[in-house]
Amino acid sequence: MTALQPIRGTHDLLPLEFRKHALVIDTARKVATSYGYREMATPIMEFKDVFKRTLGDVSDIVTKEMYEIADRGDEPIVLRPEGTAGVARAVMSNGLTQSLPLKYFYEGPMFRYERPQKGRLRQLHQIGIELFGVSDPVGDVEVLSIAYDILKKLGLIQYITLEINTLGDKESRQTYRDQLVAYLKDHHAHLSPDSQLRLERNPLRILDTKDEGDKKILKEAPPLTESLNQHSREMFEKVKNGLNVLQIPFKLNPHLVRGLDYYCHTAFEFTTTELGSQGTVLAGGRYDGLVETMGGPSIAGIGWAGGIDRLAMMLKDEDLSPLPPPLAIIPMDEAFDMHGLVLAKLLQDAGYIAEMTYGGGLGKRLKKANKINARYGFILGAEEVASHSVTLKDLESGEQTLLPQKQIVDVLKGKGVL
RNA sequence: GCGGGUGUAGCUCAGUUGGUUAGAGCGCCAGUUUGUGGCACUGGAGGCCGUGGGUUCAAUUCCCAUCACUCGCCCCA
(Lines give C-alpha, C1' and ligand atoms only; values in the text may rest on other atoms or scores of the structure.)
Protein backbone atom coordinates (compact mmCIF):
# COMPACT_ATOMS: atom_id res chain seq x y z
CA MET A 1 0.00 0.00 0.00
CA THR A 2 2.79 2.42 0.72
CA ALA A 3 3.69 2.23 -2.94
CA LEU A 4 0.28 3.68 -3.74
CA GLN A 5 0.86 6.73 -1.61
CA PRO A 6 2.39 9.81 -3.09
CA ILE A 7 5.87 10.55 -1.78
CA ARG A 8 5.80 12.24 1.60
CA GLY A 9 5.19 15.94 1.36
CA THR A 10 3.92 15.77 -2.21
CA HIS A 11 0.32 16.02 -3.30
CA ASP A 12 -1.86 15.29 -6.28
CA LEU A 13 -3.69 18.33 -7.49
CA LEU A 14 -7.17 17.13 -8.36
CA PRO A 15 -9.26 19.43 -10.55
CA LEU A 16 -10.83 21.48 -7.76
CA GLU A 17 -7.51 22.23 -6.13
CA PHE A 18 -5.80 22.59 -9.45
CA ARG A 19 -8.19 25.34 -10.41
CA LYS A 20 -7.21 27.27 -7.30
CA HIS A 21 -3.57 26.94 -8.17
CA ALA A 22 -4.35 28.04 -11.70
CA LEU A 23 -6.27 31.04 -10.40
CA VAL A 24 -3.29 32.14 -8.31
CA ILE A 25 -0.90 31.69 -11.23
CA ASP A 26 -3.16 33.32 -13.82
CA THR A 27 -3.84 36.29 -11.58
CA ALA A 28 -0.16 36.77 -10.84
CA ARG A 29 0.79 36.40 -14.49
CA LYS A 30 -1.77 38.96 -15.55
CA VAL A 31 -0.70 41.52 -12.97
CA ALA A 32 3.02 40.98 -13.61
CA THR A 33 2.48 41.33 -17.33
CA SER A 34 0.64 44.59 -16.82
CA TYR A 35 3.77 45.95 -15.14
CA GLY A 36 5.91 44.91 -18.09
CA TYR A 37 7.37 41.82 -16.44
CA ARG A 38 7.92 38.90 -18.79
CA GLU A 39 7.41 35.29 -17.93
CA MET A 40 10.35 32.95 -18.04
CA ALA A 41 11.28 29.54 -16.71
CA THR A 42 14.51 27.98 -15.58
CA PRO A 43 15.20 24.25 -15.22
CA ILE A 44 14.01 22.43 -12.16
CA MET A 45 17.50 20.95 -11.77
CA GLU A 46 20.62 23.03 -11.26
CA PHE A 47 24.18 22.43 -10.22
CA LYS A 48 24.31 22.41 -6.47
CA ASP A 49 26.80 25.22 -6.56
CA VAL A 50 24.17 27.66 -7.85
CA PHE A 51 22.45 27.53 -4.46
CA LYS A 52 25.42 26.82 -2.28
CA ARG A 53 27.19 29.96 -3.37
CA THR A 54 24.19 32.21 -3.05
CA LEU A 55 22.01 31.10 -0.19
CA GLY A 56 24.75 31.03 2.40
CA ASP A 57 26.62 28.02 3.66
CA VAL A 58 24.86 27.89 6.97
CA SER A 59 21.27 28.28 5.84
CA ASP A 60 19.10 25.26 6.54
CA ILE A 61 18.11 25.11 2.93
CA VAL A 62 21.66 24.45 1.83
CA THR A 63 22.83 22.35 4.74
CA LYS A 64 20.00 19.87 4.93
CA GLU A 65 17.02 20.63 2.74
CA MET A 66 18.23 20.07 -0.80
CA TYR A 67 17.31 17.02 -2.84
CA GLU A 68 20.49 15.88 -4.44
CA ILE A 69 20.15 13.81 -7.58
CA ALA A 70 22.40 10.98 -8.58
CA ASP A 71 23.87 12.00 -11.88
CA ARG A 72 26.54 10.45 -14.08
CA GLY A 73 28.65 13.58 -14.12
CA ASP A 74 30.89 14.67 -11.31
CA GLU A 75 29.13 17.91 -10.51
CA PRO A 76 26.48 17.46 -7.83
CA ILE A 77 23.00 18.25 -9.12
CA VAL A 78 20.02 19.28 -7.02
CA LEU A 79 16.32 19.93 -7.36
CA ARG A 80 15.94 23.67 -6.98
CA PRO A 81 14.83 24.74 -3.48
CA GLU A 82 13.92 28.28 -4.55
CA GLY A 83 13.70 30.40 -7.67
CA THR A 84 15.86 33.47 -7.39
CA ALA A 85 19.28 31.85 -7.64
CA GLY A 86 18.31 30.00 -10.79
CA VAL A 87 16.97 33.13 -12.44
CA ALA A 88 20.16 34.99 -11.54
CA ARG A 89 22.16 32.15 -13.02
CA ALA A 90 20.10 32.32 -16.20
CA VAL A 91 20.72 36.05 -16.46
CA MET A 92 24.45 35.39 -16.48
CA SER A 93 24.34 32.26 -18.63
CA ASN A 94 22.54 34.18 -21.32
CA GLY A 95 24.70 37.28 -21.13
CA LEU A 96 21.75 39.43 -20.14
CA THR A 97 23.68 41.60 -17.71
CA GLN A 98 24.23 43.91 -20.69
CA SER A 99 20.56 44.66 -21.19
CA LEU A 100 19.33 45.97 -17.87
CA PRO A 101 16.86 46.42 -16.43
CA LEU A 102 15.43 42.90 -16.50
CA LYS A 103 11.92 42.21 -15.30
CA TYR A 104 10.80 38.62 -14.87
CA PHE A 105 7.87 36.60 -13.66
CA TYR A 106 8.12 32.86 -13.07
CA GLU A 107 6.05 30.04 -11.67
CA GLY A 108 6.81 26.43 -10.85
CA PRO A 109 7.67 23.74 -8.32
CA MET A 110 10.46 23.95 -5.77
CA PHE A 111 11.73 21.13 -3.55
CA ARG A 112 12.83 21.13 0.06
CA TYR A 113 13.48 18.18 2.28
CA GLU A 114 11.53 19.36 5.32
CA ARG A 115 9.12 17.84 7.74
CA PRO A 116 5.72 18.32 6.10
CA GLN A 117 3.02 20.25 7.82
CA LYS A 118 -0.06 22.11 6.72
CA GLY A 119 1.19 24.64 4.20
CA ARG A 120 4.66 23.18 4.22
CA LEU A 121 5.38 20.68 1.51
CA ARG A 122 8.39 18.97 0.08
CA GLN A 123 7.26 19.85 -3.38
CA LEU A 124 5.99 23.37 -3.09
CA HIS A 125 4.87 25.74 -5.81
CA GLN A 126 5.89 29.34 -6.10
CA ILE A 127 5.19 32.37 -8.16
CA GLY A 128 7.96 34.90 -8.25
CA ILE A 129 9.10 38.29 -9.50
CA GLU A 130 12.65 39.43 -10.06
CA LEU A 131 13.86 42.88 -11.04
CA PHE A 132 17.53 43.27 -11.94
CA GLY A 133 19.47 46.45 -12.45
CA VAL A 134 17.39 48.94 -10.51
CA SER A 135 19.14 50.12 -7.38
CA ASP A 136 16.72 52.95 -6.75
CA PRO A 137 13.99 52.27 -4.15
CA VAL A 138 11.40 52.86 -6.84
CA GLY A 139 12.15 49.27 -7.76
CA ASP A 140 11.35 48.07 -4.27
CA VAL A 141 8.07 49.91 -4.36
CA GLU A 142 7.13 48.59 -7.79
CA VAL A 143 7.80 45.01 -6.84
CA LEU A 144 5.82 45.41 -3.63
CA SER A 145 3.00 46.98 -5.58
CA ILE A 146 2.81 43.97 -7.89
CA ALA A 147 2.51 41.66 -4.90
CA TYR A 148 -0.14 43.82 -3.33
CA ASP A 149 -2.19 43.92 -6.53
CA ILE A 150 -2.07 40.17 -6.92
CA LEU A 151 -3.23 39.52 -3.36
CA LYS A 152 -5.93 42.12 -3.78
CA LYS A 153 -7.18 40.65 -7.05
CA LEU A 154 -7.31 37.25 -5.40
CA GLY A 155 -9.58 38.76 -2.77
CA LEU A 156 -7.19 37.76 0.00
CA ILE A 157 -5.70 41.09 0.97
CA GLN A 158 -8.06 41.59 3.90
CA TYR A 159 -6.56 38.55 5.59
CA ILE A 160 -2.98 39.57 4.92
CA THR A 161 -0.59 42.06 6.48
CA LEU A 162 2.50 43.49 4.84
CA GLU A 163 5.44 43.72 7.21
CA ILE A 164 8.62 45.45 6.17
CA ASN A 165 12.05 46.11 7.55
CA THR A 166 15.46 47.11 6.32
CA LEU A 167 18.64 45.22 6.89
CA GLY A 168 20.73 48.08 5.54
CA ASP A 169 23.60 47.73 3.14
CA LYS A 170 26.50 45.41 3.69
CA GLU A 171 28.37 47.90 5.83
CA SER A 172 25.41 48.69 8.09
CA ARG A 173 24.54 45.06 8.39
CA GLN A 174 28.05 44.13 9.43
CA THR A 175 28.22 46.92 11.99
CA TYR A 176 24.96 45.84 13.47
CA ARG A 177 25.81 42.20 13.50
CA ASP A 178 28.91 42.94 15.54
CA GLN A 179 26.97 45.04 18.01
CA LEU A 180 24.24 42.48 18.40
CA VAL A 181 26.65 39.62 18.87
CA ALA A 182 28.59 41.59 21.47
CA TYR A 183 25.41 42.31 23.39
CA LEU A 184 24.00 38.79 23.17
CA LYS A 185 27.24 37.20 24.23
CA ASP A 186 26.79 38.87 27.59
CA HIS A 187 23.44 37.13 27.89
CA HIS A 188 24.52 33.89 26.31
CA ALA A 189 23.61 31.72 29.28
CA HIS A 190 20.02 32.98 29.35
CA LEU A 191 19.32 32.50 25.66
CA SER A 192 17.28 29.55 24.43
CA PRO A 193 19.33 26.66 23.06
CA ASP A 194 18.10 27.47 19.56
CA SER A 195 19.27 31.02 19.83
CA GLN A 196 22.59 30.02 21.31
CA LEU A 197 23.17 28.07 18.15
CA ARG A 198 21.99 30.90 15.96
CA LEU A 199 24.41 33.22 17.69
CA GLU A 200 27.17 31.27 15.99
CA ARG A 201 25.52 30.75 12.67
CA ASN A 202 23.12 33.52 11.82
CA PRO A 203 22.81 35.95 14.73
CA LEU A 204 20.36 38.29 12.98
CA ARG A 205 17.75 35.56 12.95
CA ILE A 206 17.62 35.69 16.74
CA LEU A 207 15.65 38.89 16.31
CA ASP A 208 12.81 36.78 14.92
CA THR A 209 12.71 34.33 17.84
CA LYS A 210 9.47 33.08 19.32
CA ASP A 211 11.00 32.30 22.67
CA GLU A 212 9.65 34.57 25.41
CA GLY A 213 12.91 34.63 27.33
CA ASP A 214 14.81 35.63 24.22
CA LYS A 215 12.30 38.34 23.52
CA LYS A 216 12.92 39.90 26.92
CA ILE A 217 16.66 39.96 26.33
CA LEU A 218 16.11 41.48 22.91
CA LYS A 219 14.14 44.37 24.35
CA GLU A 220 17.35 45.81 25.71
CA ALA A 221 19.37 44.96 22.61
CA PRO A 222 20.73 47.72 20.41
CA PRO A 223 18.18 48.46 17.67
CA LEU A 224 19.16 47.85 14.09
CA THR A 225 18.03 51.29 13.00
CA GLU A 226 20.83 52.93 14.91
CA SER A 227 23.45 51.06 12.96
CA LEU A 228 22.08 52.14 9.62
CA ASN A 229 24.26 54.51 7.67
CA GLN A 230 22.89 57.55 5.88
CA HIS A 231 22.43 55.78 2.57
CA SER A 232 20.57 52.85 4.07
CA ARG A 233 18.23 55.16 5.97
CA GLU A 234 17.42 57.15 2.88
CA MET A 235 16.68 54.02 0.90
CA PHE A 236 14.23 52.83 3.49
CA GLU A 237 12.54 56.23 3.79
CA LYS A 238 11.93 56.27 0.07
CA VAL A 239 10.44 52.81 0.12
CA LYS A 240 8.05 53.73 2.91
CA ASN A 241 7.12 56.96 1.15
CA GLY A 242 6.43 55.13 -2.06
CA LEU A 243 4.13 52.69 -0.31
CA ASN A 244 2.24 55.57 1.22
CA VAL A 245 1.84 57.27 -2.13
CA LEU A 246 0.43 54.07 -3.62
CA GLN A 247 -1.72 53.60 -0.51
CA ILE A 248 -0.30 50.23 0.29
CA PRO A 249 -0.68 49.72 4.03
CA PHE A 250 2.27 48.21 5.84
CA LYS A 251 3.54 47.50 9.31
CA LEU A 252 7.12 48.10 10.40
CA ASN A 253 8.63 45.02 11.93
CA PRO A 254 12.16 45.70 13.16
CA HIS A 255 12.55 42.02 13.96
CA LEU A 256 11.87 40.85 10.44
CA VAL A 257 14.95 39.12 9.09
CA ARG A 258 15.00 37.08 5.92
CA GLY A 259 16.64 33.73 6.20
CA LEU A 260 18.56 33.71 2.98
CA ASP A 261 22.01 35.25 2.95
CA TYR A 262 21.67 37.31 -0.16
CA TYR A 263 19.21 39.83 1.18
CA CYS A 264 20.07 43.46 2.01
CA HIS A 265 18.14 46.67 2.52
CA THR A 266 14.40 46.10 2.14
CA ALA A 267 13.00 42.86 3.53
CA PHE A 268 9.30 42.15 3.54
CA GLU A 269 6.74 39.49 4.28
CA PHE A 270 3.05 39.26 3.55
CA THR A 271 1.65 37.24 6.42
CA THR A 272 -1.67 35.80 7.47
CA THR A 273 -3.06 34.26 10.62
CA GLU A 274 -5.37 31.98 8.63
CA LEU A 275 -2.83 29.26 8.00
CA GLY A 276 -1.57 28.28 11.44
CA SER A 277 2.13 28.47 11.93
CA GLN A 278 2.89 28.76 8.23
CA GLY A 279 1.87 32.40 8.15
CA THR A 280 4.11 33.74 5.42
CA VAL A 281 2.36 33.75 2.13
CA LEU A 282 4.68 35.87 0.01
CA ALA A 283 8.06 37.30 0.91
CA GLY A 284 11.20 38.76 -0.50
CA GLY A 285 13.56 41.67 -0.50
CA ARG A 286 16.56 43.28 -2.09
CA TYR A 287 19.54 41.18 -3.07
CA ASP A 288 22.06 43.57 -4.56
CA GLY A 289 25.04 41.32 -4.00
CA LEU A 290 23.61 38.14 -5.43
CA VAL A 291 24.82 38.29 -9.00
CA GLU A 292 28.26 39.28 -7.84
CA THR A 293 28.56 36.33 -5.45
CA MET A 294 27.83 34.10 -8.40
CA GLY A 295 30.79 35.56 -10.21
CA GLY A 296 28.99 38.17 -12.27
CA PRO A 297 29.11 41.95 -12.28
CA SER A 298 27.67 43.95 -9.40
CA ILE A 299 24.02 44.26 -10.28
CA ALA A 300 21.18 45.40 -8.09
CA GLY A 301 18.28 43.02 -7.66
CA ILE A 302 15.00 42.82 -5.86
CA GLY A 303 12.19 40.35 -5.90
CA TRP A 304 9.87 38.05 -4.06
CA ALA A 305 8.41 34.59 -4.08
CA GLY A 306 4.85 33.67 -3.20
CA GLY A 307 3.62 30.28 -2.04
CA ILE A 308 0.99 29.07 -4.48
CA ASP A 309 -0.05 26.20 -2.22
CA ARG A 310 -0.55 28.52 0.74
CA LEU A 311 -2.41 31.10 -1.31
CA ALA A 312 -4.59 28.41 -2.89
CA MET A 313 -5.42 27.10 0.58
CA MET A 314 -6.84 30.48 1.49
CA LEU A 315 -9.18 30.48 -1.49
CA LYS A 316 -12.68 29.17 -1.01
CA ASP A 317 -14.57 27.10 -3.54
CA GLU A 318 -16.80 30.09 -4.18
CA ASP A 319 -13.81 32.17 -5.22
CA LEU A 320 -13.64 30.08 -8.37
CA SER A 321 -15.77 31.27 -11.24
CA PRO A 322 -18.40 28.64 -11.96
CA LEU A 323 -17.62 26.34 -14.85
CA PRO A 324 -19.77 26.99 -17.90
CA PRO A 325 -22.37 24.20 -18.21
CA PRO A 326 -21.50 21.78 -20.99
CA LEU A 327 -23.80 20.62 -23.76
CA ALA A 328 -24.51 16.92 -23.30
CA ILE A 329 -24.39 14.63 -26.31
CA ILE A 330 -26.89 11.84 -25.80
CA PRO A 331 -26.93 8.99 -28.31
CA MET A 332 -29.82 6.72 -27.38
CA ASP A 333 -27.88 3.59 -28.04
CA GLU A 334 -24.28 2.61 -28.50
CA ALA A 335 -25.01 2.21 -32.19
CA PHE A 336 -25.27 5.99 -32.46
CA ASP A 337 -22.20 6.84 -30.40
CA MET A 338 -20.13 7.72 -33.44
CA HIS A 339 -22.87 10.01 -34.69
CA GLY A 340 -22.70 11.61 -31.29
CA LEU A 341 -18.99 12.20 -31.55
CA VAL A 342 -19.46 13.83 -34.95
CA LEU A 343 -22.16 16.08 -33.57
CA ALA A 344 -19.99 16.91 -30.57
CA LYS A 345 -17.19 17.97 -32.86
CA LEU A 346 -19.51 20.27 -34.74
CA LEU A 347 -20.38 22.01 -31.48
CA GLN A 348 -16.82 22.03 -30.17
CA ASP A 349 -15.59 23.62 -33.38
CA ALA A 350 -18.23 26.30 -32.92
CA GLY A 351 -16.71 27.07 -29.53
CA TYR A 352 -19.04 25.16 -27.23
CA ILE A 353 -18.15 22.68 -24.53
CA ALA A 354 -19.81 19.48 -25.69
CA GLU A 355 -19.49 16.41 -23.52
CA MET A 356 -20.23 12.90 -24.59
CA THR A 357 -22.31 10.59 -22.41
CA TYR A 358 -21.27 6.97 -22.40
CA GLY A 359 -23.16 3.73 -22.11
CA GLY A 360 -26.76 2.85 -21.45
CA GLY A 361 -30.01 3.97 -23.00
CA LEU A 362 -31.77 7.28 -23.00
CA GLY A 363 -32.84 7.32 -19.38
CA LYS A 364 -29.42 6.44 -18.07
CA ARG A 365 -27.72 8.98 -20.25
CA LEU A 366 -30.09 11.76 -19.24
CA LYS A 367 -29.12 10.98 -15.68
CA LYS A 368 -25.49 11.30 -16.66
CA ALA A 369 -26.23 14.59 -18.39
CA ASN A 370 -27.67 15.91 -15.13
CA LYS A 371 -24.60 14.78 -13.27
CA ILE A 372 -22.25 16.79 -15.43
CA ASN A 373 -24.52 19.76 -14.89
CA ALA A 374 -25.52 20.14 -18.52
CA ARG A 375 -28.14 22.73 -19.41
CA TYR A 376 -29.00 21.29 -22.82
CA GLY A 377 -28.94 17.77 -24.17
CA PHE A 378 -28.66 16.65 -27.79
CA ILE A 379 -30.54 13.41 -28.25
CA LEU A 380 -29.69 11.17 -31.17
CA GLY A 381 -31.90 8.17 -31.91
CA ALA A 382 -32.72 6.20 -35.02
CA GLU A 383 -35.22 8.78 -36.13
CA GLU A 384 -32.81 11.69 -35.74
CA VAL A 385 -29.93 9.95 -37.44
CA ALA A 386 -32.09 8.97 -40.39
CA SER A 387 -33.21 12.55 -40.93
CA HIS A 388 -29.90 14.27 -40.10
CA SER A 389 -31.59 16.01 -37.27
CA VAL A 390 -31.25 16.04 -33.50
CA THR A 391 -33.58 16.51 -30.57
CA LEU A 392 -32.53 19.48 -28.51
CA LYS A 393 -33.73 19.12 -24.95
CA ASP A 394 -33.78 21.88 -22.38
CA LEU A 395 -32.80 19.96 -19.28
CA GLU A 396 -34.34 22.51 -16.95
CA SER A 397 -37.79 22.86 -18.49
CA GLY A 398 -37.87 19.46 -20.18
CA GLU A 399 -38.99 21.13 -23.38
CA GLN A 400 -37.59 19.58 -26.52
CA THR A 401 -37.52 20.33 -30.23
CA LEU A 402 -36.49 18.35 -33.24
CA LEU A 403 -34.26 20.30 -35.59
CA PRO A 404 -31.90 19.74 -38.50
CA GLN A 405 -28.29 19.34 -37.38
CA LYS A 406 -27.30 22.17 -39.72
CA GLN A 407 -29.31 24.62 -37.66
CA ILE A 408 -28.19 23.78 -34.17
CA VAL A 409 -25.44 26.37 -33.86
CA ASP A 410 -27.81 29.11 -35.01
CA VAL A 411 -30.51 27.92 -32.67
CA LEU A 412 -28.12 27.90 -29.71
CA LYS A 413 -27.00 31.41 -30.58
CA GLY A 414 -30.63 32.43 -30.81
CA LYS A 415 -31.14 31.15 -27.28
CA GLY A 416 -28.14 33.17 -26.17
CA VAL A 417 -26.15 30.12 -25.24
CA LEU A 418 -22.41 30.34 -25.47
C1' G B 1 15.78 17.28 12.91
C1' C B 2 12.75 17.62 18.09
C1' G B 3 7.96 17.10 20.97
C1' G B 4 2.31 16.09 21.08
C1' G B 5 -2.28 14.15 18.53
C1' U B 6 -4.75 11.14 14.86
C1' G B 7 -5.36 6.89 11.24
C1' U B 8 -12.52 2.29 10.76
C1' A B 9 -16.21 2.02 3.30
C1' G B 10 -14.82 6.82 -2.22
C1' C B 11 -16.15 11.12 1.61
C1' U B 12 -17.81 12.67 6.82
C1' C B 13 -17.91 9.91 11.09
C1' A B 14 -20.19 6.08 14.82
C1' G B 15 -18.62 1.49 17.33
C1' U B 16 -15.99 -2.66 19.71
C1' U B 17 -14.78 -2.20 28.65
C1' G B 18 -10.37 -7.93 23.72
C1' G B 19 -15.04 -12.55 21.89
C1' U B 20 -19.40 -15.27 15.99
C1' U B 21 -21.58 -12.07 9.91
C1' A B 22 -17.87 -4.02 11.93
C1' G B 23 -22.37 0.23 11.30
C1' A B 24 -24.80 5.19 9.66
C1' G B 25 -25.30 9.39 6.38
C1' C B 26 -23.67 11.09 1.74
C1' G B 27 -21.74 9.18 -2.79
C1' C B 28 -21.58 4.91 -6.31
C1' C B 29 -24.25 0.80 -9.10
C1' A B 30 -28.95 -1.52 -10.38
C1' G B 31 -34.37 -1.87 -10.52
C1' U B 32 -39.41 0.48 -10.38
C1' U B 33 -39.15 3.42 -15.84
C1' U B 34 -36.16 -1.26 -22.74
C1' G B 35 -37.41 7.05 -26.75
C1' U B 36 -37.04 10.66 -21.47
C1' G B 37 -33.48 12.78 -16.44
C1' G B 38 -33.73 15.68 -11.71
C1' C B 39 -37.75 13.59 -6.88
C1' A B 40 -39.25 9.14 -4.45
C1' C B 41 -39.13 3.99 -3.19
C1' U B 42 -36.53 -0.86 -3.29
C1' G B 43 -32.21 -3.60 -3.63
C1' G B 44 -26.77 -4.08 -4.24
C1' A B 45 -21.51 -3.48 -4.38
C1' G B 46 -17.68 -1.57 -1.50
C1' G B 47 -13.55 -2.49 4.75
C1' C B 48 -7.29 -7.98 5.83
C1' C B 49 -10.53 -1.21 11.12
C1' G B 50 -3.00 2.62 7.78
C1' U B 51 1.18 -1.32 7.55
C1' G B 52 4.45 -4.91 10.13
C1' G B 53 5.52 -7.42 14.51
C1' G B 54 4.36 -8.78 19.77
C1' U B 55 1.08 -10.24 24.07
C1' U B 56 -3.34 -13.56 24.26
C1' C B 57 -7.25 -19.40 23.58
C1' A B 58 -8.83 -14.94 20.79
C1' A B 59 -6.62 -8.36 18.60
C1' U B 60 -9.89 -3.54 14.63
C1' U B 61 -9.57 -2.90 20.27
C1' C B 62 -3.73 -3.77 24.47
C1' C B 63 1.95 -3.11 23.56
C1' C B 64 6.10 -1.94 20.16
C1' A B 65 7.80 -0.38 15.56
C1' U B 66 6.81 1.82 10.94
C1' C B 67 4.26 4.87 7.29
C1' A B 68 1.04 8.95 6.38
C1' C B 69 -1.56 13.13 8.02
C1' U B 70 -1.95 16.85 11.74
C1' C B 71 -0.48 20.65 15.82
C1' G B 72 3.76 23.16 17.96
C1' C B 73 9.30 24.03 17.52
C1' C B 74 13.18 24.61 13.90
C1' C B 75 13.12 26.62 9.03
C1' C B 76 10.61 28.94 5.18
C1' A B 77 6.68 30.52 0.51
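Residues numbered from 1 in each chain as written. Chains lettered and ligands numbered in written order. Predicted model: local features only at pLDDT ≥ 70, side-chain atom pairs only at ≥ 80, totals over all residues. Heavy atoms only, no water.

Colleague: Sorry if this is basic, but what is going on with the sheet that holds strand β3 (residues 68–69) here?
Modeller: One open sheet holds the three strands; their spatial order is β2-β4-β3, and the pairing between them is antiparallel. Taken across any chain shown, the strands that pair with only one partner, and hence form the sheet edges, are β2 (45–47) and β3. Where β2 lies against strand β4 (residues 77–79), three bridges are found, and the strand directions are antiparallel. Its bridge partner being in β4, E46 is matched across the sheet by V78. With respect to the sheet, helix α2 (residues 48–55) is in contact with β2, β3 and β4, its orientation differing from that of β2 by roughly 70°. (Pairing = 2+ DSSP bridges. Helix = DSSP H or I, 4+ residues; strand = E, 2+ residues; numbered from the N terminus. Contact = heavy atoms within 4.5 Å. Axes fitted to C-alpha atoms, helices over the stretch in contact; angles between N-to-C directions.)

Colleague: Would you explain the packing of helix α5 (residues 137–153) against helix α9 (residues 230–245) in this entry?
Modeller: Working note: a packed helix pair is described by the angle between its axes plus the distance between those axes. Between α5 and α9, the least distance of the axes is 8 Å, while the angle of their chain directions is 40°. The angle between α5 and α9 falls in the class oblique. Both α5 and α9 take part in a crossing whose hand is right-handed. In contact with P137, D140, V141 and L144 of α5, α9 contributes M235, K238, V239, G242 and L243. (Parallel < 35°, antiparallel > 145°, perpendicular 65-115°, else oblique. Left-handed = near helix turned anticlockwise from the far one by under 90°.)

Colleague: I'm lost on the sheet that holds strand β9 (residues 264–272) in this one. Help?
Modeller: Hydrogen bonds between backbone groups are what pair the strands of a sheet, and the pairing can be parallel or antiparallel. As summarised here, the arrangement of the eight strands in space is β1-β5-β6-β11-β10-β9-β7-β8, forming an open sheet in which the pairing is mixed. Because the sheet does not close on itself, it has two edges, and the strands there are β1 (38–39) and β8 (251–252). Inspection of the sheet shows strand β7 (residues 160–166) paired to β8 by two bridges, in the parallel sense. Its bridge partner lying in β8, I164 is registered against L252. Sheet contacts for helix α1 (residues 15–34): β1, β5 (102–111) and β6 (123–132); angle to β5, the most-contacted strand, approximately 165°. The sheet strands contacting α5 are β5, β6, β7, β9, β10 (280–286) and β11 (301–307), and the helix crosses β11 at an angle near 15°.

Colleague: Can you help me understand helix α4 (residues 84–93) in this one?
Modeller: Along an α-helix, residues three or four positions apart point the same way, because every turn accommodates 3.6 residues. For α4, the tally of buried residues reaches seven of 10 residues, placing the bulk of the element in the interior. Buried residues along α4 sit in contact with β2, α2, β5, β6 and α10 (290–293). Directly beyond the C-terminal end of α4, a positive phi value near 60° is found at G95. (Buried < 20%, exposed > 50% of the residue type's maximum accessible area, 1.4 Å probe, protein only.)

None of the figures reported here should be taken as evidence of function without further support.
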